[in-house]
Amino acid sequence: MPQEVGTSSAPAESRPARFLLEVLRGIAQVDFMPSALCGAVFLAALFASGWRYGLYGLLGAAVATATAHALGIDHALVGAGLRGFNGCLIGTGFAVFLGPAHLSTFLLTLFGSSLVVVVTSALAIMLGTWNVPTFTMPFCLVTSVMTVGAPGLEKAWHGAHGLAALPVPASGATALSWQQTWHAFFGNFGQIFFMPQWYVGLMFLVGIALANRLAAAMACLGSVTGLVVAVLLGSPAEGVSQGLMGYNAVLVAMALCGVFVAPSAWSVAYAIGGAGAATVLTSAFDSFVGPFGGHTFTWPFVLTAVLFVAAVPSIPRLRRT
């Protein structure tokens, strides 16, 4: 997901088939995969969780992709899905936290998915100074502002207090049963899109594997790392089993070995360390944003990945891709 800023002479409008492929790649780029096939599997996973979530994920990616074309953003970036994935996350995030059945959620998705393209371009310029991608920071910024502000906007909130899946309080039993353990392993993939069902997480893992086997292996390693660290630190079993503690670790592990850092034994160890750090940071964010109604989203992944990727040039054992 190496995001750069630029313009091209490519036409602002694409043929329907090309546009569909770009939208699917945008959905897949949530997990760094520039693959339309992977995106199709991801979209199927969202529909398996609930047809409204599938529609909102598709809507967000399509609006963001169309907005990027309308603004004349580099066609290569748009074609690879690099301006659609934040829109996909905004669509699913708004559907989960604001309720999918409301007109206001639909309208906010249209606005947020368009706005995030501009936010991405601005952040790409700032972070490009250090050759660091924006990751999902644009999504986190837009969605954090909206969900924190929503309780004060009755036509956006609709009393949706029960929809908040993140964070969970640090209470309850910490020992995991075997069923909770394997549910957690797959739930870590699904919670990247806010989906807690283990079978949805399995579908996401299958999509990654179809696109890149190394990425799938690192995703599994990240899931295991997040699970182990959460258990060792005594995180509540209920939240762990839903994937709430390990999804950031999955993204970090993928990013630090194979996507932004060249694969090697050293980068595998680096990815494990980053995944562990992201898991601890997830708990910290839960405690920090919970009191004022905020949500952790993928902030732990963003902060961990920015720091670890920025450090690579100063570490002789590692090399950027």
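Residues numbered from 1 in each chain as written. Predicted model: local features only at pLDDT ≥ 70, side-chain atom pairs only at ≥ 80, totals over all residues. Heavy atoms only, no water.

By the naming in an unreviewed UniProt entry, the chain goes by Urea transporter and is assigned to Streptacidiphilus alkalitolerans. Recorded under Subcellular location (unreviewed entry), the UniProt text for the chain is reproduced unchanged: "Cell membrane". For the record of the chain, the UniProt heading Sequence similarities (unreviewed entry) holds the text "Belongs to the urea transporter family." (UniProt positions renumbered as here; feature names shortened; annotations may be inferred.)

On to the overall build of the chain, then. Secondary structure assignment for the chain yields 15 helices and zero strands. Counting over 321 residues, the chain shows a buried share of 55%. Considering only residue pairs separated by 6 or more positions, the chain has 75% of its internal contacts joining residues 24 or more positions apart. For the chain, the accessible surface area stands at approximately 12,900 Å², while carbon and sulfur atoms represent 69% of it. (Helix = DSSP H or I, 4+ residues; strand = E, 2+ residues; numbered from the N terminus. Buried < 20%, exposed > 50% of the residue type's maximum accessible area, 1.4 Å probe, protein only. Contact = heavy atoms within 4.5 Å. Areas by Shrake-Rupley, 256 points an atom, 1.4 Å probe, with all protein chains shown as cover.)

Further remarks concern helix H13 (residues 247–259). With 13 residues, H13 should reach 18 Å at 1.5 Å per residue; the first-to-last C-alpha distance of 17 Å fits that figure. For H13, the tally of buried residues reaches 12 of 13 residues, placing the bulk of the element in the interior. Three or more residues of H13 are buried, namely Tyr247, Asn248, Ala249, Val250, Leu251, Val252, Ala253, Met254, Ala255, Leu256, Cys257 and Val259. Structurally, H13 contributes buried residues whose contacts are with helix H9 (178–190), helix H10 (198–211), helix H11 (213–232), helix H14 (265–289) and helix H15 (299–311). (Expected span 1.5 Å × (residues − 1).)

Time to look at the side chain of Ser113. With respect to the helices, strands and loops of the structure, Ser113 is situated in helix H6 (residues 103–128). Accessibility expressed as a relative area gives 0% for Ser113, which makes it buried. Engagement of the side chain of Ser113 in a polar contact is seen with the backbone oxygen of Thr109, the distance being 2.8 Å. Setting aside residues up to four positions removed in sequence, Ser113 forms contacts with Gly60, Val63, Ala64, Gly87 and Ile90. (Polar contact = N/O pair within 3.5 Å; in protein donor to acceptor, adjacent residues only side chain to side chain.)

What follows covers the packing of H6 against helix H7 (residues 137–149). Two elements in contact, H6 and H7, have axes whose closest approach is 8 Å; the angle formed by their N-to-C orientations is 135 degrees. By the criterion of interaxial angle, the relationship of H6 to H7 is oblique. Viewed along their axes, H6 and H7 form a crossing whose handedness is right-handed. Along the contact surface, H6 presents Leu108, Gly112, Leu115, Val116, Val119, Thr120, Leu123 and Leu127, while H7 presents Met137, Pro138, Phe139, Leu141, Val142 and Met146. (Axes fitted to C-alpha atoms, helices over the stretch in contact; angles between N-to-C directions. Parallel < 35°, antiparallel > 145°, perpendicular 65-115°, else oblique. Left-handed = near helix turned anticlockwise from the far one by under 90°.)

Bringing unusual backbone geometry into the picture now. Even without glycine at this site, Phe135 takes up a positive phi of about 50 degrees. One can find Phe135 in the loop between H6 and H7. In the Ramachandran plot, Phe194 falls in the positive-phi region, its phi being about 75 degrees despite a non-glycine side chain. Along the chain, Phe194 turns up in the loop between H9 and H10. For Phe194, a relative accessible area of 6% corresponds to the buried category.

In this section: the nonpolar core. As a rule of thumb, soluble globular proteins bury nonpolar side chains together. Core analysis: the largest hydrophobic core is formed by 85 residues, its most contacted members being Phe32, Phe135, Phe193, Met254 and Phe301. Broken down by element, the residue count for this core peaks at 11 residues, all from H13. Contact partners of Phe301, with chain neighbours within four places excluded, come to Phe32, Phe135, Thr136, Asn248, Leu251, Val252 and Ala255. Of all hydrophobic cores here, the second largest spans five residues; its members include Ala184, Leu227, Ala230 and Val240. (Core = buried A, V, L, I, M, F, W, Y, C linked by side-chain atoms within 4.5 Å.)

Turning our attention to the packing of H9 against H11. Running from N to C, H9 and H11 point in directions that differ by 125 degrees, and their axes come no closer than 9 Å. With respect to their mutual orientation, H9 and H11 come out oblique. As H9 packs across H11, the resulting crossing turns out to be right-handed. Here Thr181, Ala184, Phe185, Asn188 and Phe189 of H9 lie close against H11, whose contacting residues are Ala219, Cys220, Ser223, Val224 and Leu227. The residue makeup of the contact of H9 with H11, split by class, is seven nonpolar, three polar and no charged. (Nonpolar A, V, L, I, M, F, W, Y, C, P; charged D, E, K, R; others polar.)

Quick look at the environment of Arg18 now. Structurally, the position occupied by Arg18 is in helix H1 (residues 16–28). By relative accessible area, which is 34% here, Arg18 ends up partly exposed. Placed 61 residues apart in sequence, Arg18 and Gly79 show a C-alpha to C-alpha distance of 8.2 Å.

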